[in-house]
Amino acid sequence: MDSLEKQLICPICLEMFTKPVVILPCQHNLCRKCANDIFQSSNPYLPTRGGTVTSGGRFRCPSCRHEVVLNRHGVYGLQRNLLVENIIDMYKQEYISSRPSPEQKVDQPMCEVHEDEKINIYCLSCCVPTCSMCKVFGAHKDCEVAPLNSIYQTQKTELSDRIAMMVGNNDRIQGIISQLEETCRSIEENGRRQKSKVCEKFDHLYAILEDRKREMNVKVNAEQEEKLNYIRRLTRKYGDHLESMTKIMETGIQTLEEPEMAVFLQNTKPLLQKIAEASNTSHLERVERGYENMDHYSVSFKREGRALRNIDFARDDDDDEEEDEEEVAVDADSRAGQTASGEVDSLNEEALPPLLPPQPLSTCRPGTSS
C-alpha cells in the first residue's frame, strides 16, 4: 500500500492531498490551497482579495510543466477530483487508523546545574530554557519565566509561519525569475529581428550602388568601343595603303632591273605617276593627341563616403520607414549622378574630342600628329 500512498502525495506540499482536490487539464492533481499558492507565485502582480486571486491568469503544472489557463474564477474554477478524495477517505479509514501508533521516546534534557532536574520552564529574560530549581534558587530567581509548552507552541507557530512566508517568497521570486528569463528571450528575438532589418537596408543600398555602377560602366564601355572601332578602321586603311605602296615599290625595283632602255622608259612614266599618287596621304585621317585618354570618366566619392560613415539608426522624430527608404534611394542616385554620372554626361556633350574628319597627312606616319 506504500505505492498507493505515494500516488496520493501532493507534489507541492509533499503531504497527502487535502480536500478539496482539483484536477488540472493535464490530468494531474493538486490540493486547492497548493494550486492557489503556486498560482500566486507565478502571478505576483495580479490583484488579490483576502489572499485569493480574483481574476484569471495562468501557471504551469509542477509535475509536467503544462501551462494551465484559468478563467475569472481562478483556481476555484478548476474541477474537483472527487474520485481521488474518496480514495483518500477510504485509505485513511482502512489503513492509517489500523496502524498501531509507535511509541515515541522523548529524551527530555536535564539541567546542567541541577543534574536531577528536568528542563521544564523558559526564562523570558535570558531567552533560555531552564529548570524550576534554577528559578527558585539559581541564576534565574529574579527572571520572568513561562511554562515551556506555551513558549514552545508560540515559537513553533512563529517558525512555521516564517518558513511558509519564505516558501511563498521563494515561489514569487521564482515567478519573477521566469518572467525575467522570458524577457531575455524576447530581447534576443527582438535583437535578431532588428539585425535582420539592418541587413535588409544595407542590401538595398548595395543594390542601388550596383545598379549605378553598372550604368556608369555601360557609358564607359560605349565610348571605349566607339574609339576602338574608329582606330581599328583607321588601322585597316593605313594597312591597305601600305600594302599598295609595297606592291608599287616592288614593281619599281623590277623596273630598275630592266636592261632595255626603251622598255624601261615605257614603264617608268605610269610607275612614277602611281608612286606620286601613293605618296599622297592626304586622304588618310590622323588621330589627335590624347584621343586614347579616358580620364574624363574619373569618379570621386568623398562626399558620399562621409555620408556613409554618418549612417546611424533613425531618431524618434524621423519620417516613417517608407519615406526613409525612398530618401535613401533618391539621395544615393543623386549623389552618384553629381560626382560621376553628371561629369560623364557633361563631358560627353562638351569635353569629348569629336570623331575626327579626314585631315591632310603629308609626311606624318599613322599614330603621330603634326
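Preceding this paragraph is the structure being described.
Structural notes, computed from the coordinates. (Residues numbered from 1 in each chain as written. Predicted model: local features only at pLDDT ≥ 70, side-chain atom pairs only at ≥ 80, totals over all residues. Heavy atoms only, no water.)

### Here's the deal with the overall build of the protein
The secondary structure content of the protein amounts to 8 helices and 10 strands. When the 370 residues of the protein are sorted by exposure, 24% land in the buried category. Taking contacts inside the protein between residues at least 6 apart in sequence as the whole, the part at least 24 apart equals 55%. (Helix = DSSP H or I, 4+ residues; strand = E, 2+ residues; numbered from the N terminus. Buried < 20%, exposed > 50% of the residue type's maximum accessible area, 1.4 Å probe, protein only. Contact = heavy atoms within 4.5 Å.)

### Quick word on the sheet that holds strand β9 (residues 128–130)
Consider a sheet: its strands pair through backbone hydrogen bonds, and that pairing is either parallel or antiparallel. In spatial order, the strands read β9-β8-β10; together these 3 strands make up an open sheet with antiparallel pairing. Here the strands that pair on one side only, and so sit at the sheet edges, are β9 and β10 (145–147). The average angle at which neighbouring strand axes cross in this sheet is 35°, direction not considered. Taken together, the 3 bridges between strand β8 (residues 121–123) and β10 define a ladder with antiparallel strand orientation. In the sheet register, Cys-123 faces β10, and the bridge partner there is Val-145. Helix α5 (residues 148–256) rests against β8, β9 and β10 of the sheet, and its axis sits at about 85° to β10. (Pairing = 2+ DSSP bridges. Axes fitted to C-alpha atoms, helices over the stretch in contact; angles between N-to-C directions.)

### A short note on the nonpolar core
Phe-17, Leu-24, Leu-30, Phe-59, Leu-70, Leu-78 and Ile-88 are the most contacted members of the largest nonpolar core, which has 23 residues in total. Secondary structure elements with two or more residues in this core: β1 (21–23), β2 (29–31), α2 (32–42) and α3 (82–96). With 4 residues, α2 is the single largest residue contributor to this core. If near-sequence neighbours (up to four positions away) are discounted, Leu-24 is found in contact with Leu-30, Phe-59, Cys-61, Val-68 and Leu-78. (Core = buried A, V, L, I, M, F, W, Y, C linked by side-chain atoms within 4.5 Å.)

### Digging into helix α6 (residues 261–279)
Counted at 1.5 Å a residue, the expected span for α6 with its 19 residues is 27 Å, and the 26 Å between its end C-alpha atoms agrees. Thr-268 marks the point of greatest bend in α6, at about 30°, and the proline Pro-270 comes within the next four residues. Within the span of α6, buried status applies to Thr-268, Leu-271 and Ala-278. (Expected span 1.5 Å × (residues − 1). Bend = angle between axes of the 7 residues up to and from the residue.)

### Some points on the packing of α2 against α5
Angle between the axes and distance between the axes: these two values describe a pair of packed helices. Where α2 contacts α5, the two axes come as close as 7 Å, and the packing angle between them is 45°. It follows that α2 is oblique to α5 by the angle criterion. Relative to α5, α2 is oriented so that their crossing is right-handed. Of α5, the residues touching α2 (which contributes Gln-40, Ser-41 and Ser-42) are Asp-171, Arg-172, Gly-175 and Gln-179. Across the contact of α2 with α5, the residue classes break down as no nonpolar, 5 polar and 2 charged. (Parallel < 35°, antiparallel > 145°, perpendicular 65-115°, else oblique. Left-handed = near helix turned anticlockwise from the far one by under 90°. Nonpolar A, V, L, I, M, F, W, Y, C, P; charged D, E, K, R; others polar.)

### A few points about the side chain of Asn-29
Among the structural elements, Asn-29 can be located in strand β2. For Asn-29, a relative accessible area of 16% puts it in the buried group. Setting aside residues no more than four positions away along its own chain, Asn-29 makes contact with Pro-11, Phe-17, Val-21, Val-22, Ile-23, Asn-81 and Val-84.

### Topic: unusual backbone geometry
The backbone of Gln-27 sits at a positive phi, close to 75°, despite the residue not being glycine. Exposure remark for Gln-27: the relative accessible area of 54% places this residue in the exposed category.

### A look at a positive patch on the surface
A contiguous patch of positive charge on the surface is contributed by Lys-302, Arg-303, Arg-306 and Arg-309. As for its position among the elements, Arg-303 is in helix α7 (residues 302–309). (Patch = residues over 30% accessible without salt bridge, like charges linked within 9 Å, V, L, I, M, F, W, Y side chains within 5 Å. Areas by Shrake-Rupley, 256 points an atom, 1.4 Å probe, with all protein chains shown as cover. Salt bridge = Lys/Arg side-chain N within 4 Å of Asp/Glu carboxyl O. Lys, Arg positive; Asp, Glu negative; His and termini not counted. Charge placed at Lys NZ, Arg CZ, Asp CG, Glu CD.)

### Describing a nonpolar patch on the surface
A contiguous nonpolar patch, built from Val-198, Phe-202, Tyr-206, Leu-209, Leu-308, Ile-311 and Phe-313 and spanning about 660 Å² of accessible area, is present on the exposed surface. A per-element tally of the nonpolar patch places α5 first, with 4 residues. Residue placement: Leu-209 occurs in helix α5. Residue Leu-209 is classed as partly exposed on the basis of its relative accessible area, which comes to 43%.

### Brief notes about the sheet that holds β1
Judged by pairing direction, the sheet is antiparallel, and its 3 strands sit side by side in the order β2-β1-β7 without closing on themselves. Strands with a single pairing partner mark the edges of an open sheet, and in this sheet they are β2 and β7 (79–80). Of the pairings in the sheet, the one linking β1 to β2 comprises 3 bridges and is antiparallel in character. What sits directly across from Ile-23, in β2, is Asn-29. In the packing of α2 onto the sheet, the strands contacted are β1, β2 and β7, and the crossing angle to β2 comes to about 90°.

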